Amino acid sequence: MRPRYTPEQIDSLVETSLRDGFCILKGHFSREKLQSWRDRFAPMLSQHIDREGHLKNRGAGRYYVTLPFTSPWADPEFFENDDILAVVERLVGKDTVMCQLATDTPLLGSEYQELHRDTPPLFPELAYETPPFQLAVNFPLVDVTPDNGPIEIARGTHMMSKADAMAKLESGEVKLEAFPMQLGDVMIRDVRGIHRGTPNRTQTPRPMVVIGYSRRWLFRPEVSIRIPRETFEQLSDRAKHLLRFNPVVESLETEGHTEVYQAFAY
């Protein structure tokens, strides 16, 4: 996929991300490919719910499911995208690491999540926040409407302590905003921003993919990508570098299925 954005447009996306905690690339990915992903994901979600849905790993009626790093998910058009990496590398460094490939899916019966961040601060003893160190690249597998569970985010709270952000939300100085998205849209998000999932009030699941990128020195053992050796050997040099700290395994068939990323809200 050839770059679509000029250097000046990348500058604007980076500036927006630093100010608001996120930016959105409209219509960036192929709708046809994403529809294929959705069809392939549906049985995976059902199997996950049957196997460990009782754990409610993201709250009532909401499920976090890791995607296997195989076709169609191991597609460089998505995780090695030039425009996305141009923004990511400006935010978390040129030596960034890809550390996550998963989905978050609310179903009918899901509820509002508690307001949270996806990571604790690096240095909680400091009175100020650091530059970005971990990002989520989110894109849906269906159109996200006000009815099927759009994310709500409080702009600028990635650069506040959680206590300050919650106080500003309570006072009305900062407000939550819902972000519907079209199939093909991409959000690049600093995971420190205060946000929550909202209820899906429809009969159709609303899968949201997350590709995680972080600074090279950040390690969260609960999040990783297990890469089949056959797949790894077919990757480009850049992709191998992005994935260099993830385990390479002989086969995913021998890997356990239970999600280990259970604690997600900070």
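Here goes a summary of the coordinates provided. These numbers come from a predicted model, not from an experiment.

The rules we used
Residues numbered from 1 in each chain as written. Predicted model: local features only at pLDDT ≥ 70, side-chain atom pairs only at ≥ 80, totals over all residues. Heavy atoms only, no water. Helix = DSSP H or I, 4+ residues; strand = E, 2+ residues; numbered from the N terminus. Core = buried A, V, L, I, M, F, W, Y, C linked by side-chain atoms within 4.5 Å. Buried < 20%, exposed > 50% of the residue type's maximum accessible area, 1.4 Å probe, protein only. Contact = heavy atoms within 4.5 Å. 1 Å grid on protein atoms, 1.4 Å probe; cavity = no way out; pocket = protein on both sides within 12 Å on 5 of 7 lines; lining within 4 Å. Points joined across faces, edges and corners; volume = space filled by probe spheres on them. Pairing = 2+ DSSP bridges. Axes fitted to C-alpha atoms, helices over the stretch in contact; angles between N-to-C directions. Phe/Tyr/Trp six-rings, centres within 6.5 Å; stacked < 30°, edge-to-face > 60°. Lys NZ or Arg CZ within 6 Å of the ring centre and 35° of its normal.

### Considerations on unusual backbone geometry
Step number 1: Note the cis peptide between Ser-71 and Pro-72, where omega equals 5°.
Step number 2: Turning to its location among the elements, Pro-72 is positioned in the loop between β2 (62–66) and α3 (76–79).

### Considering the nonpolar core
Step number 1: Core analysis: the biggest nonpolar cluster contains 43 residues, and Phe-69, Met-98, Phe-139 and Ile-211 have the highest contact counts within it.
Step number 2: Sorting elements by how many residues they give to this core places helix α4 (residues 82–92) first, with 6 residues.
Step number 3: Leave out the neighbours within four places in its chain, and Ile-211 touches Phe-78, Phe-79, Met-98, Gln-100, Leu-101, Leu-135, Ala-136, Val-137 and Phe-139.
Step number 4: Phe-22, Ile-153, Met-181 and Met-187 belong to the second largest nonpolar core, which has 8 residues in total.

### Brief notes about empty space enclosed by the protein
Step number 1: Considering all chains together, one arrives at 3 cavities of 30 Å³ or more under this definition.
Step number 2: One number sums up the size of the largest cavity: a volume of about 440 Å³.
Step number 3: Of all the elements in the fold, those that place two or more residues in the lining of the largest cavity are β2, β3 (97–106), β4 (134–140), β7 (186–190), β8 (195–196) and β9 (208–214).
Step number 4: The element contributing the most residues to the lining of the largest cavity is β4, with 4 residues.

### Structural notes on the sheet that holds β4
Step number 1: Strand order across the open sheet formed by 6 strands is β1-β7-β4-β9-β3-β2, with antiparallel pairing between neighbours. In the strand order of this sheet, the two ends are held by β1 (22–25) and β2, each with one partner. With strand direction ignored, the average angle separating the axes of adjacent strands in the sheet is 25°.
Step number 2: Pairing analysis gives 4 bridges linking β4 to β7, with the strands arranged antiparallel. If you follow Val-137 over to β7, its bridge partner there is Ile-188.
Step number 3: Contacts between helix α2 (residues 31–52) and the sheet are confined to β2, β3, β4 and β9, with β2 contributing the most and set at about 110° to the helix.

### Points about the packing of aromatic side chains
Step number 1: With the rule as written, the count across this model stands at 8 aromatic pairs.
Step number 2: Here the aromatic rings of Phe-78 and Phe-139 are separated by 5.5 Å at their centres, their planes lie at 25°, and the arrangement is stacked. Remark: Phe-139 occurs in strand β4 and Phe-78 occurs in helix α3; sequence separation between them is 61 residues.
Step number 3: A relative accessible area of 0% means that Phe-139 is categorised as buried.
Step number 4: An aromatic cluster is present here, built from Phe-29, Trp-37, Trp-73, Phe-78 and Phe-139 joined pairwise through their rings.
Step number 5: For the cation-ring pair, Arg-244 lies above Phe-245, with the distance from its terminal atom to the ring centre recorded as 4.8 Å.

Any functional reading would require information beyond the geometric quantities listed.
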